[in-house]
Amino acid sequence: MNKVVIAIDSFKGCLTSEEAGNAVMKGVKAIFPDCETLLFPVADGGEGMLDILVSATKGKYRTLPAHGPLMEPMQGRYGISGDGQTALIEMAAVSGLPLVPEEKRNPMLTTTYGTGELIRDALEQGCRRFIVGIGGSATNDAGLGMLQALGFRFRDKQGNLLGTGGRILSQVTSIDTSAVHPALKETRFTIACDVHNPFCGPDGAAYVFAPQKGADAGMVKELDAGMQALALVIRSATGKDISDIPGAGAAGGMGGGFLAFLNAGLKPGIRLMLDALDFGEKIKGADLVFTGEGRADRQTAMGKVPFGVLEEARKQHIPVIVLAGCIEDTEQMNRAGFQGVFSITPGPVSLEKAMEPEFAGENIRRLVTQICSVIRPLSGNTPASFLSNPIPDDVLLTYLE
């Protein structure tokens, strides 16, 4: 092979996107030492997105005092593109679930206020375009905390100002915009969003995502009722009905908050990422693409990082192989168009062992070396010959055993 592209998501809690990609590169070079390898660190809007976009836009980082999910003081960080026009924000950096100790996770209390502080600072720096990744949130406050930091005031039926957290959702009866930051009128937000859940209801933010953020059954019911009540208030105040918009339930309803108040558009995170990296142009002439993530299943074929990579590669008839720590729904992924789907785990092993970075990296290198060993006699020198002669499962299994 002459050119191989590597665009693999992080194996969360184990390897970064770049670390996993470097392991793939070592495997390729072991069999094809003269092959050109292009490594693209990628993310889907959550962990890692900020670093990738700052690098891609030749930007810089900015740090400032901010508030975490429980309003604890912390240092916030975001990026500004090299031209100074676009703010690059990863909401998980100040409002993310990993920032909250497991015993303190409670979406009735957690807030997106810190994310709003980052946005406000970027406005003061002159940014009027924003790219915001909203994956990995600790919150279910519909973005109200973020909006409060930007000057929005939410009041109860007595006219009292409300505090923060998901607990205020059902109490909001009016929205005061008189103190909103004036620059928001000329600002455009692009939101990296990789879920299609509506704002509320059985498939909405509270029922689907709040339990993993610490909500018990009673909290889930209360949060969803609050989301439904808030949707009515938003419709009355803005004329926008966000209750059933796909993606409005992302990040505990933060997607809906952006849509309702901040002139925002939702875009798949991987699509946004690949556009920023000029991926389609740079992969021209490639013989093969390696992609992957920690867990590959039917959701992988519904818009996550590997599928976004597949869509772009398929336009140029470049085959794509998926690597993952855990695999389910292989047949569905093959039907989606992936040439092969492989687990990096060599055999029965504890989760603790599988998550060791050195162990996982070596498993990736070993697997890719074996795959390339199989490809070498089968592929010829062009992508077309590889596509017309897919690797039989029995042959691959023989080489991988």
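In this text, all values refer to a predicted model and were calculated from it rather than measured experimentally. (Residues numbered from 1 in each chain as written. Predicted model: local features only at pLDDT ≥ 70, side-chain atom pairs only at ≥ 80, totals over all residues. Heavy atoms only, no water.)

Focus: the overall build of the chain
For the chain, the helix and strand inventory stands at 16 helices and 13 strands. For a compact globule of 401 residues, the expected C-alpha radius of gyration is about 21 Å, and the chain comes in at 22 Å, within 12% of that figure. Dimensions along the principal axes, computed over C-alpha positions, put the chain at roughly 75 × 45 × 35 Å. Taken over 401 residues, the chain has a buried fraction of 54%. Long-range contacts, defined here as pairs at least 24 residues apart, represent 72% of the contacts in the chain between residues at least 6 apart. Accessible area for the chain stands at about 17,000 Å²; split by element, carbon and sulfur atoms hold 51% of it. The positive charge centre, built from 37 side chains, and the negative charge centre, built from 45, are 5 Å apart in the chain. (Helix = DSSP H or I, 4+ residues; strand = E, 2+ residues; numbered from the N terminus. Rg over C-alpha atoms; globule rule 2.2 N^0.38 Å. Buried < 20%, exposed > 50% of the residue type's maximum accessible area, 1.4 Å probe, protein only. Contact = heavy atoms within 4.5 Å. Areas by Shrake-Rupley, 256 points an atom, 1.4 Å probe, with all protein chains shown as cover. Lys, Arg positive; Asp, Glu negative; His and termini not counted. Charge placed at Lys NZ, Arg CZ, Asp CG, Glu CD.)

Remarks on the environment of Lys-282
With respect to the helices, strands and loops of the structure, Lys-282 is situated in helix 10 (residues 279-282). For the pair Lys-282 and Leu-38, spaced 244 residues apart in sequence, the C-alpha separation works out to 8.6 Å. Sequence-distant contacts of Lys-282, defined by excluding residues within four places in its chain, comprise Lys-3, Leu-38, Phe-40 and Leu-277.

Brief notes about the packing of helix 9 (residues 269-276) against helix 11 (residues 305-314)
Their axes nearest at 8 Å, the elements helix 9 and helix 11 cross at an angle of 50°. Taken together, the axes of helix 9 and helix 11 are oblique relative to one another. Between helix 9 and helix 11 the crossing geometry is right-handed. Seen from helix 9, the contacting residues are Ile-270, Arg-271 and Leu-274; seen from helix 11, they are Val-305, Gly-308, Val-309 and Glu-312. Residue composition of the contact of helix 9 with helix 11, grouped by class: four nonpolar, one polar and two charged. (Axes fitted to C-alpha atoms, helices over the stretch in contact; angles between N-to-C directions. Parallel < 35°, antiparallel > 145°, perpendicular 65-115°, else oblique. Left-handed = near helix turned anticlockwise from the far one by under 90°. Nonpolar A, V, L, I, M, F, W, Y, C, P; charged D, E, K, R; others polar.)

Details of the packing of aromatic side chains
Scanning all chains against the criterion turns up four aromatic pairs. Consider the rings of Phe-189 and Phe-258, whose centres lie 5.6 Å apart with planes at 50°: the pair is tilted. Note that Phe-189 is positioned in strand 9 (residues 188-192) and Phe-258 in helix 8 (residues 250-261), a separation of 69 residues in sequence. Phe-258 sits in the buried class, given a relative accessible area of 0%. When the ring centre of Tyr-61 is taken as origin, the NZ or CZ atom of Arg-77, which lies over that ring, is 4.1 Å away. (Phe/Tyr/Trp six-rings, centres within 6.5 Å; stacked < 30°, edge-to-face > 60°. Lys NZ or Arg CZ within 6 Å of the ring centre and 35° of its normal.)

A word on the sheet that holds strand 3 (residues 60-67)
Here six strands make up an open sheet; going across it, the order is 3-4-5-6-9-10 and the pairing mixed. The two strands at the open ends of the sheet, each matched to only one other strand, are strand 3 and strand 10 (264-267). Strand-to-strand twist of the sheet, defined as the mean angle between neighbouring strand axes without regard to direction, takes the value 25°. Sheet topology places strand 4 (residues 73-80) next to strand 5 (residues 86-90); two bridges connect them, and they run antiparallel. Paired with Ile-80 across the two strands is Ala-87, which belongs to strand 5. The sheet contacts of helix 2 (residues 49-56) involve strand 3, strand 4, strand 5, strand 6 (129-133) and strand 9, and relative to strand 5 the element is tilted by about 155°. Along the sheet, helix 9 makes contact with strand 6, strand 9 and strand 10, crossing strand 10 at roughly 90°. (Pairing = 2+ DSSP bridges.)

With respect to the sheet that holds strand 2 (residues 36-39)
Spatial ordering of the open sheet is given by 2-1-11-12-13, a layout of five strands whose pairing is parallel. The sheet is open, and its two borders are formed by strand 2 and strand 13 (340-343), each paired with just one other strand. In this sheet, neighbouring strand axes are inclined to one another by 20° on average, regardless of whether the strands run parallel or antiparallel. Bridge analysis of strand 1 (residues 3-8) against strand 2 gives four bridges, and the strand direction is parallel. Considered in strand 2, the bridge of Val-4 is made with Thr-37. Against the sheet, helix 1 (residues 17-31) engages strand 1, strand 2, strand 11 (288-296) and strand 12 (320-327), with an angle of about 155° to strand 1. Packed onto the sheet, helix 11 meets strand 1, strand 11 and strand 12 and runs at close to 160° relative to strand 11.

Some words on the pattern of salt bridges
As enumerated under the stated definition, the model contains 16 salt bridges in all. For the salt bridge of Arg-129 with Asp-83, the shortest nitrogen-to-oxygen distance reads 3.9 Å. With Arg-129 in strand 6 and Asp-83 in the loop between strand 4 and strand 5, the pair connects residues that are 46 residues apart, well separated along the chain. A salt bridge links Asp-275 to Arg-271; its shortest N-O distance comes to 3.1 Å. In this pair, Asp-275 and Arg-271 both sit in helix 9, four residues apart, roughly one turn of the helix. (Salt bridge = Lys/Arg side-chain N within 4 Å of Asp/Glu carboxyl O.)

Function cannot be read off these values alone, since they describe shape.
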